[in-house]
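Now for the letters of each chain:
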Amino acid sequence: RMSELRQRKIEKLASIFPEPKLEGDKKSDILLVGWGSTYGHLTTAVEELADEGIGIAHLHFNYIYPLPSKTGELLRKYSKIIVAELNLGQFQKYLKMNHPKNEYYSCTKIQGLPFTVGEIKDFIKKIIKE
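Quantities reported herein were computed from a predicted structural model and do not represent experimental measurements.

Asks: Just checking my understanding: could you explain the nonpolar core for this structure?
Replies: Side chains that are nonpolar tend, in soluble globular proteins, to be buried together. One finds L32, I56, I82, I120 and I124 to be the most contacted residues of the largest nonpolar core, which totals 17 residues. Counting residues per element, the ones that place at least two in this core are β2 (30-35), α2 (39-51), β4 (80-85), β5 (104-108) and α5 (117-129). With five residues, α5 is the single largest residue contributor to this core. With residues near it in sequence (within four places) discarded, I82 still touches I30, L31, L32, V33, Y105, C107, F123, I124 and I127. A57, F61, L67 and L74 belong to the second largest nonpolar core, which has 15 residues in total.

Asks: What should I look at first to understand α2 in this one?
Replies: One turn of the α-helix equals 3.6 residues, which is why residues spaced by three or four share an orientation. Spanning 13 residues, α2 covers 18 Å between terminal C-alpha atoms, matching the ideal 18 Å at 1.5 Å per step. Buried within α2 are the following residues: L42, T43, A45, V46 and L49. Buried residues of α2 fall within an arc of 160 degrees about the axis and therefore sit on the same side. At its buried positions, α2 is contacted by β1 (21-24), β2, β3 (57-61), β4 and α5. Two residues or fewer after α2 comes G53, characterised by a positive phi angle close to 90 degrees.

Asks: How do you make sense of the packing of aromatic side chains when you look at a structure like this?
Replies: Between two aromatic rings, the relevant description is the distance of the centres plus the angle of the planes. One pass over the structure, following the stated rule, counts five aromatic pairs. When the ring of Y65 is compared with that of Y94, the centres are 6.3 Å apart and the planes differ by 55 degrees; the resulting orientation is tilted. Of the two residues, Y65 is situated in the loop between β3 and α3 (71-75) and Y94 in helix α4 (residues 90-98); the sequence distance between them amounts to 29 residues. Looking at Y65, the relative accessible area reads 48%, which means it is partly exposed.

Asks: I'm lost on the pattern of salt bridges in this one. Help?
Replies: When the charged atoms of two side chains lie near each other, side chains of opposite charge can form a pair. A complete count under the given rule lists five salt bridges for this structure. The residue K21 makes a salt bridge to E23 at a minimum N-O spacing of 3.2 Å. The residue E119 makes a salt bridge to K109 at a minimum N-O spacing of 3.0 Å. One end of the pair, E119, is in helix α5; the other, K109, is in the loop between β5 and α5, and 10 residues separate them in sequence. Connected through shared salt-bridge partners, E48, E52, K121 and K125 make up one network.

Asks: It is not clear to me how the sheet that holds β2 should be interpreted in this structure. Could you clarify?
Replies: Through backbone hydrogen bonds, the strands of a sheet pair up, either in parallel or in antiparallel fashion. With respect to topology, five strands assemble into an open sheet ordered β1-β3-β2-β4-β5, the strand pairing being mixed. Every interior strand has two partners, whereas the edge strands, β1 and β5, have only one. Between one strand axis and the next, the sheet turns through 25 degrees on average, direction left out of account. Looking at chain direction, β2 and β4 are connected through four bridges and run parallel. Bridging across to β4, L32 finds its partner in I82. In the packing of α4 onto the sheet, the strands contacted are β2, β3, β4 and β5, and the crossing angle to β4 comes to about 145 degrees.

Definitions and cut-offs
Residues numbered from 1 in each chain as written. Predicted model: local features only at pLDDT ≥ 70, side-chain atom pairs only at ≥ 80, totals over all residues. Heavy atoms only, no water. Core = buried A, V, L, I, M, F, W, Y, C linked by side-chain atoms within 4.5 Å. Buried < 20%, exposed > 50% of the residue type's maximum accessible area, 1.4 Å probe, protein only. Helix = DSSP H or I, 4+ residues; strand = E, 2+ residues; numbered from the N terminus. Contact = heavy atoms within 4.5 Å. Expected span 1.5 Å × (residues − 1). Arc of directions from axis to C-beta. Phe/Tyr/Trp six-rings, centres within 6.5 Å; stacked < 30°, edge-to-face > 60°. Salt bridge = Lys/Arg side-chain N within 4 Å of Asp/Glu carboxyl O. Pairing = 2+ DSSP bridges. Axes fitted to C-alpha atoms, helices over the stretch in contact; angles between N-to-C directions.

Here it is, written out as structure tokens:
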């Protein structure tokens with residue numbers, strides 16, 4: 001009973017958390033998702049791609065458990081979702097578990113270094129070509 005009570009308390013947080021910030025080309029069918037410290041590199045990659053004529057949207061999460069309440073509504077607008085994270089892809093798997101109808105691509109790096117803008121752009125261009 002206590003476990004269920006704790007779970008309901010956690011689920012209530014979803015309505016309190018602010019929605020993640022959606023930036024970039026909101027009319028694109030490709031969404032770049034990030035969380036935590038990846039914000040600057042992802043934002044710069046989106047801006048540089050826009051300068052090259054490639055428009056993609058960028059959604060950045062500050063809270064990931066529970067996911068903010070309108071996460072599913074935001075994700076459904078995009079046909080391809082690229083999740084960039086500095087680990088083995090746990091957030092991409094978590095999103096897929098909670099919103100399985102979307103198509104996800106995992107862009108990961110586990111070298112103890114941040115992404116470079118070039119790495120992100122190259123990955124996005126590869127997905128666009130598919």
